[in-house]
Amino acid sequence: MKYFFIPLLLFLIAAFVTYLISVSVKNSHAKNEASQILWYGKDREYYVYEMIASAFPRKNVFRNLNIPIRVQNNTYFSEIDIVIVTHAGVVVIEVKGMKGKIDNPAQGPWQQIYRDKILNFENPFEQNDTHCKAIRALLKKQGILNVPVYNVVVFADKNVSFTHKYKMLFKAEAIVDFIAYLNDKFTLSGKDIKNIDSVLSHFQKKQRKMLYEKKQKESNRK
């Protein structure tokens with residue numbers, strides 16, 4: 001009788017091992033898929049954000065700040081991808097996810113050339129200049145003046161090239177070294193950085209509260 005259980009036991013062990021292998025493969029596929037997703041859309045911003053936040057104090061790094069921008073008599077909110085406060089000043093980063101060749105003149109629209117497709121898009125430096133002005137206005141409103149603000153553009157995809165090089169245009173892998181370089185300048189004191197962090201943090205919390213209350217009102221209407 002005991003010999004009957006040996007094949008059964010071996011069968012159960014084999015089945016269990018097969019199950020473990022299938023789970024491992026499934027998890028591996030999930031990780032690979034997550035890694036691929038990381039390089040697309042909004043997650044590219046998160047990828048660059050995590051690179052920076054892992055290398056510098058996270059309290060100095062802000063993501064998706066919705067800053068009010070006033071144009072003539074109208075005020076609207078514009079989302080800033082990443083802001084980091086350094087000893088050299090405030091770095092305002094616009095993240096792009098395009099790949100291929102980028103035709104990037106100093107002024108006017110840029111053009112992405114990838115395979116057989118051509119796509120025109122807004123000059124990210126001009127787009128981000130509006131964000132920089134909004135940051136300056138926000139700090140000025142709180143009595144914080146003469147803070148250097150850097151207009152920086154980062155392309156997250158590894159497979160990208162540019163027709164023109166600019167001092168503030170980077171691929172993702174170079175941005176940490178650039179920020180480290182700025183952080184060694186010590187234009188701003190630790191107290192200055194703390195004050196700027198406080199303004200941006202307070203503003204971000206205020207925006208999140210407004211968004212939460214808006215969602216609650218919309219939910220109550222249903």
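Scoring rules and cut-offs
Residues numbered from 1 in each chain as written. Predicted model: local features only at pLDDT ≥ 70, side-chain atom pairs only at ≥ 80, totals over all residues. Heavy atoms only, no water. Axes fitted to C-alpha atoms, helices over the stretch in contact; angles between N-to-C directions. Helix = DSSP H or I, 4+ residues; strand = E, 2+ residues; numbered from the N terminus. Parallel < 35°, antiparallel > 145°, perpendicular 65-115°, else oblique. Left-handed = near helix turned anticlockwise from the far one by under 90°. Contact = heavy atoms within 4.5 Å. Nonpolar A, V, L, I, M, F, W, Y, C, P; charged D, E, K, R; others polar. Pairing = 2+ DSSP bridges.

> What am I meant to see in the packing of helix α2 (residues 43-55) against helix α4 (residues 172-183) here?
Packed helices, taken two at a time, are described by their axes: the angle between them and the distance between them. α4 packs onto α2 with a crossing angle of 30 degrees between their chain directions and a minimal axis gap of 10 Å. In terms of orientation, α2 lies roughly parallel with respect to α4. Considering only the axes of α2 and α4, their crossing is right-handed. Listed contacts from α4 to Y47, V48, M51, I52 and A55 of α2 are A172, E173, I175, V176 and I179. Class assignment of the residues belonging to the contact of α2 with α4 gives a composition of nine nonpolar, no polar and one charged.

> It is not clear to me how the sheet that holds strand β9 (residues 169-171) should be interpreted in this structure. Could you clarify?
Sheet strands pair via backbone hydrogen bonds, and the direction of the pair is either parallel or antiparallel. Taken in spatial order, the five strands make up an open sheet running β1-β2-β3-β7-β9, and their pairing is mixed. Two strands bound the open sheet, and with one partner strand each, they are β1 (61-71) and β9. Within the sheet, the average angular offset between the axes of one strand and its neighbour, ignoring direction, is 40 degrees. Strand direction decides the pairing type here: β1 and strand β2 (residues 74-86), joined by 10 bridges, are antiparallel. Directly across from N66, in β2, lies its bridge partner E79. Sitting on the sheet, α2 touches β1, β2, β3 (89-96) and β7 (149-155), and the angle it makes with β1 is about 120 degrees. On the sheet, α4 packs against β2, β3, β7 and β9 and is oriented at approximately 125 degrees with respect to β9.

> Is there a simple way to explain the pairing of strand β5 (residues 110-114) in this structure?
Two faces, one strand: in a regular strand the side chains alternate between the faces of the sheet. Relative to β5, strand β4 (residues 100-103) is paired through three bridges, and the arrangement is antiparallel. Note on β5: the bridge partner recorded for I102 is Q112. What sits between β4 and β5 in their antiparallel hairpin is a turn of six residues, with G108 showing a positive phi close to 85 degrees. Relative to strand β6 (residues 117-121), β5 is paired through five bridges, and the arrangement is antiparallel. Counted as the bridge partner of Q111 is N120 from β6. With antiparallel pairing between neighbouring strands as the criterion, β5 and β6 make up a hairpin whose turn holds two residues, including R115 at a positive phi of roughly 55 degrees.

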